[in-house]
Amino acid sequence: MNDTRLGRPDLVIFDCDGVLVDSEKIAVRIDARMLADLGWPLSEDEIVERFVGRSFADMAADIAAHLGRPLPDDWDARHRQLYRDAFEAELTPVDGIVEALDALTLPTCVASSTSHPGLRHTLGLTGLYERFAGRIFSASEVARGKPAPDLFLHAARTLGLDPSRCAVVEDSPYGVAAARAAGMRAYGYCGGLTPAHRLEGPGTTVFDDMRELPALLGD
């Protein structure tokens, strides 16, 4: 079914965490523990608002700035190891995403704030890596992470597509803002941690069930 208002996109760009893999709840729990250990206790809701959708490097920089001191030398390695251990024990695909991907015929790729090793790990654990192999982009490849448009524009440029003909599936305000800044249609998934009202805005369709996505895209 084609969407007569928007037209069928030439490419669907998926964020990873919270869109493909159900990692955000796990990560926020770990972030809360690590931040408390550093002396900056935040609620899980505060962590969602401040950090979900941003790169690990941006998060670390903000924490150091707030604390007024550099983070411990081993903080990065310890934090990432906690993620890895929890993901290996608990990580699953986002509810409905496998059915959505099976139904989609449109070209797809991944563009995420996560590093390439992290993406290989989480997509591999959930059996999704091979669906996107060779079409995976990380914020480590561009100068500015989300909410800047650099990553999405880089993905479109690399795949030889006009940004205006691309759609982005995101679950964070930072990601949705990046899609808008790139001139791409945004599809804001509110079935995870981010409430619908924080995703709403111009050029954005908000939805809460991944199984609806193919029809929303006109596929």
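Everything numeric here is computed off the predicted structure, so don't read it as measured data.

(A) Region of the structure containing the overall build of the chain. Looking only at helices and strands, the chain features ten helices and six strands. The C-alpha atoms of the chain give a radius of gyration of 17 Å, which matches the 17 Å a tight globule of 219 residues would have. Viewed in the frame of its principal axes, the chain has a C-alpha envelope of about 50 × 30 × 30 Å. The proportion of buried residues among the 219 residues of the chain is 49%. Within the chain, contacts between residues separated by at least 24 positions form 65% of all contacts whose residues are at least 6 apart in sequence. Each charge sign in the chain was given a centre, from 22 positive and 34 negative side chains, and these centres are 3 Å apart.

(B) Geometry of the pattern of salt bridges. For the structure on display, the rule yields 14 salt bridges. When the shortest N-O distance is used, the salt bridge between Asp62 and Arg54 registers 2.5 Å. The class of Asp62 is partly exposed, set by a relative accessible area of 31%. The residue Arg211 makes a salt bridge to Asp95 at a minimum N-O spacing of 2.9 Å. Of this pair, Arg211 sits in the loop between β6 (204-207) and α10 (213-216) while Asp95 sits in the loop between α4 (75-90) and α5 (97-103), placing them 116 residues apart in sequence. It is possible to trace a salt-bridge network through shared partners that takes in Asp95, Glu99, Asp209 and Arg211.

(C) Fine view of the packing of helix α3 (residues 56-67) against α4. The N-to-C vectors of α3 and α4 enclose an angle of 130°; their axes lie 12 Å apart at closest approach. Here α3 lies oblique to α4, going by the angle between them. Once α3 is placed against α4, the crossing between them reads as right-handed. Contact with α3, carried on its side by Phe56, Met59, Ala60 and Ile63, involves Trp75, Asp76, His79, Arg80 and Tyr83 of α4 and no other residues of that element. Residue composition of the contact of α3 with α4, by class: six nonpolar, one polar and two charged.

(D) Representation of the side chain of Asp15. Mapped onto the secondary structure, Asp15 falls in the loop between β1 (11-14) and α1 (24-38). When its relative accessible area of 5% is taken as the criterion, Asp15 is described as buried. A distance of 3.1 Å separates polar atoms of two side chains, one belonging to Asp15 and the other to Lys146. Once residues within four sequence positions are removed from consideration, Asp15 is found in contact with Leu20, Ala111, Ser112, Lys146, Val169, Glu170 and Asp171.

(E) How the structure looks around the pairing of strand β2 (residues 108-112). Where burial is concerned, most of β2 is hidden: five out of the five residues are buried. Relative to β2, β1 is paired through three bridges, and the arrangement is parallel. Each bridged residue has a counterpart across the sheet, and for Phe14 the counterpart in β2 is Val110. Two strands pair when backbone bridges link them, and β2 and strand β3 (residues 136-138) are joined in this way by three bridges, in the parallel orientation.

Cut-off values and rules
Residues numbered from 1 in each chain as written. Predicted model: local features only at pLDDT ≥ 70, side-chain atom pairs only at ≥ 80, totals over all residues. Heavy atoms only, no water. Helix = DSSP H or I, 4+ residues; strand = E, 2+ residues; numbered from the N terminus. Rg over C-alpha atoms; globule rule 2.2 N^0.38 Å. Buried < 20%, exposed > 50% of the residue type's maximum accessible area, 1.4 Å probe, protein only. Contact = heavy atoms within 4.5 Å. Lys, Arg positive; Asp, Glu negative; His and termini not counted. Charge placed at Lys NZ, Arg CZ, Asp CG, Glu CD. Salt bridge = Lys/Arg side-chain N within 4 Å of Asp/Glu carboxyl O. Axes fitted to C-alpha atoms, helices over the stretch in contact; angles between N-to-C directions. Parallel < 35°, antiparallel > 145°, perpendicular 65-115°, else oblique. Left-handed = near helix turned anticlockwise from the far one by under 90°. Nonpolar A, V, L, I, M, F, W, Y, C, P; charged D, E, K, R; others polar. Polar contact = N/O pair within 3.5 Å; in protein donor to acceptor, adjacent residues only side chain to side chain. Pairing = 2+ DSSP bridges.

These values are about where atoms sit, not about what they do.
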